[in-house]
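Below, each chain spelled out in residue letters.
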Amino acid sequence: MSSIGWQAAAVASRMLPVAEREAVLGDLIEAGESSGAALLGVLGLVARRQAEAWMDWRPWLALAGLTFPLGMLLTLVSRRTAEFSAIYLWLYVNNWTPAFIENPSFRHDLVSIVATLILECLTLACWSWTAGFALGFLSSGAIPVNGILFSLVAALVEVLGAPKYLAIVPLFSRGRDFGPNAAVFSLTFYRVLFPLLIQAALVLLPSVSGMRHGVRLAALPVSPRAIVPTAAIATLAAIGLQTWIFGLRTLGLPRPPLLDAWPNQLLKAVIFGWPIVYCAASALSRRKSIHLKENHA
Amino acid sequence: MLGEFEYLMLSAAARLGDVAYGAAIRQEIEETAGRKCSIGALYTTLDRLESKGFIKTWMGEATPQRGGRPKRMVRVTAKGAQAARDFYGAVTRVSRGVSWETNRGMVRP
């Protein structure tokens, strides 16, 4: 199991369920297969499993309804978050002065901006987690393909600079206006690297975690599981609504009267932050069940 | 009605008895039927047979020659044995009087 081929086979086998993965690798070792044959064997099984999974309608729904639209949307939101954060990071990190703390007005601004930044980042991470969760729940066995496609859409949109191409859409055109903040975006770090870091930390990592939870929940045969995907779908609808409202505001158009009562930033974060509560509850429940098993043993 | 490969797998598992598991079934098919059996074909067919209720599988012991990994053990159920019997009967009946059945000695292996 030490050659590169075997390592590749072990990595490819991670796309199989745990029990099957172990049995398959064990069979290949026992049969004395070469590393190349083992890799081909595992890839063949993964391809067959994927073909089976894609016979169902749900992965297709996830692909059309979640993978592409959410991959693009989250990348664009991530780009906006990165640009917004970059301006204040530059201000407070690159141009730090004790006056920011000593002066009561500056201190107030600092606290308020840091809180807003944390809230923005947390909200984006929770949206990404929710998108990954819904994708994992709907795709189930097809998650390797849908997950890779989602990550590719997110990465390609960011790397190829799709926000620039999408500047023809008024909603996304203003975020690229670097004019007033040219000092910030003249730095390569804030213009190129920082958006990628935000994308990796607040979109890719949370969405992969969400996918894992979604797949795990889809495998449970209990009825309460319907509540969680419902919450995920409601959140995704809220993300769409939020983006739409933001688009109206960007265009300087009035919001529809019904949406005037749209909750404030903190309440929105609480609503969108249900993944944190879910993850905490899930971790506690797993810990409790391990503890019970240990006591039983 | 079983497929040809399903029948081969049921027969191999039945022949192996208590020691029927993935690698052993694969080796048995390759040796007796003289055809290559990929790990992908093996595991997807095992799943299909299990979903039809023709076999029962469970995770067995882990051995050092498997790198400490468990085996997927297989047992043919009564329903599976009946399906294999029906398939064998149909193949036997449909083969009666055909050239390769009447001149079996002339057929190359």
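Residues numbered from 1 in each chain as written. Chains lettered and ligands numbered in written order. Predicted model: local features only at pLDDT ≥ 70, side-chain atom pairs only at ≥ 80, totals over all residues. Heavy atoms only, no water.

Caption draft 1: Looking closely at the packing of aromatic side chains. Residues and elements named next belong to chain A. Summed over all chains, the structure comprises 11 aromatic pairs over all chains. Ring plane angle 75° and centroid distance 4.8 Å describe the contact between Trp54 and Trp60, whose orientation is recorded as edge-to-face. Assessed through its relative accessible area of 14%, Trp54 is described here as buried. Ring centres of Trp96 and Phe100 lie 5.4 Å apart, and the angle between their planes is 50°; on these two criteria the pair is classed as tilted. Taking relative accessible area as the criterion, Trp96 reaches 45% and is therefore assigned partly exposed. What makes Phe100 buried here is its relative accessible area of 10%. Chaining the aromatic ring pairs together yields one cluster made of Tyr92, Trp96, Phe100 and Phe106. (Phe/Tyr/Trp six-rings, centres within 6.5 Å; stacked < 30°, edge-to-face > 60°. Buried < 20%, exposed > 50% of the residue type's maximum accessible area, 1.4 Å probe, protein only.)

Caption draft 2: Spotlight on a positive patch on the surface. Residues and elements named next belong to chain A. Taken together, the side chains of Arg14, Arg212, Arg216 and Arg286 present a region of like positive charge at the surface. Assignment of secondary structure puts Arg216 in helix H11 (residues 188–218). Judged by its relative accessible area of 39%, Arg216 falls in the partly exposed class. (Patch = residues over 30% accessible without salt bridge, like charges linked within 9 Å, V, L, I, M, F, W, Y side chains within 5 Å. Areas by Shrake-Rupley, 256 points an atom, 1.4 Å probe, with all protein chains shown as cover. Salt bridge = Lys/Arg side-chain N within 4 Å of Asp/Glu carboxyl O. Lys, Arg positive; Asp, Glu negative; His and termini not counted. Charge placed at Lys NZ, Arg CZ, Asp CG, Glu CD. Helix = DSSP H or I, 4+ residues; strand = E, 2+ residues; numbered from the N terminus.)

Caption draft 3: Quick look at the packing of helix H1 (residues 4–16) of chain B against helix H2 (residues 22–32) of chain B. All names here are of chain B. It is the contact of H1 with H2, at a shortest axis distance of 9 Å, that shows an interaxial angle of 110°. Classified by the angle between their axes, H1 and H2 sit roughly perpendicular to one another. Every pair of crossing elements has a handedness; the one defined by H1 and H2 is right-handed. In this structure, H1 uses Phe5, Leu8, Met9, Ala12, Ala13, Arg15 and Leu16 to contact H2, whose residues at the interface are Ala24, Ile25, Glu28, Ile29 and Thr32. Residue classes in the contact of H1 with H2 are distributed as 9 nonpolar, 1 polar and 2 charged. (Axes fitted to C-alpha atoms, helices over the stretch in contact; angles between N-to-C directions. Parallel < 35°, antiparallel > 145°, perpendicular 65-115°, else oblique. Left-handed = near helix turned anticlockwise from the far one by under 90°. Contact = heavy atoms within 4.5 Å. Nonpolar A, V, L, I, M, F, W, Y, C, P; charged D, E, K, R; others polar.)

Caption draft 4: Expanded view of the interface of chain A and chain B. Between chain A and chain B, the residue contacts involve 20 residues of the former and 20 residues of the latter. The largest per-residue losses of area from chain A upon contact with chain B belong to Asp27, Glu30 and Arg48 of chain A, which jointly make up 34% of the total buried on that side. The tally of links from chain A across to chain B stands at 5 salt bridges. Two residues, Asp47 of chain B and Arg49 of chain A, come together in a salt bridge whose shortest N-O distance is 2.6 Å. (Buried area = accessible area lost by both parts, 1.4 Å probe.)

Caption draft 5: Examining the pattern of salt bridges more closely. Throughout the structure, instances matching the rule amount to 15 salt bridges over all chains. Here the salt bridges share partners, and the residues they tie into one network are Glu20, Arg49 and Glu52 of chain A together with Asp47, Glu50 and Arg72 of chain B.

Caption draft 6: Fine view of the nonpolar core. Val42 of chain A together with Leu2, Met9, Ile25 and Tyr43 of chain B are the most contacted members of the largest nonpolar core, which totals 40 residues. Contributing elements (two or more residues each) for this core: helix H1 (4–12), helix H2 (18–30) and helix H3 (35–53) of chain A together with H1, H2, helix H3 (39–51), strand E2 (69–76) and helix H4 (78–95) of chain B. The element best represented in this core is H1 of chain B, accounting for 7 residues. Other than its neighbours up to four places away in sequence, Met9 of chain B contacts Ile25, Ile29, Ala41, Leu42, Thr45, Leu46 and Leu49 of chain B. Counting residues in hydrophobic clusters, the runner-up holds 24 residues, among them Val77, Leu124, Ala131 and Leu202 of chain A. (Core = buried A, V, L, I, M, F, W, Y, C linked by side-chain atoms within 4.5 Å.)

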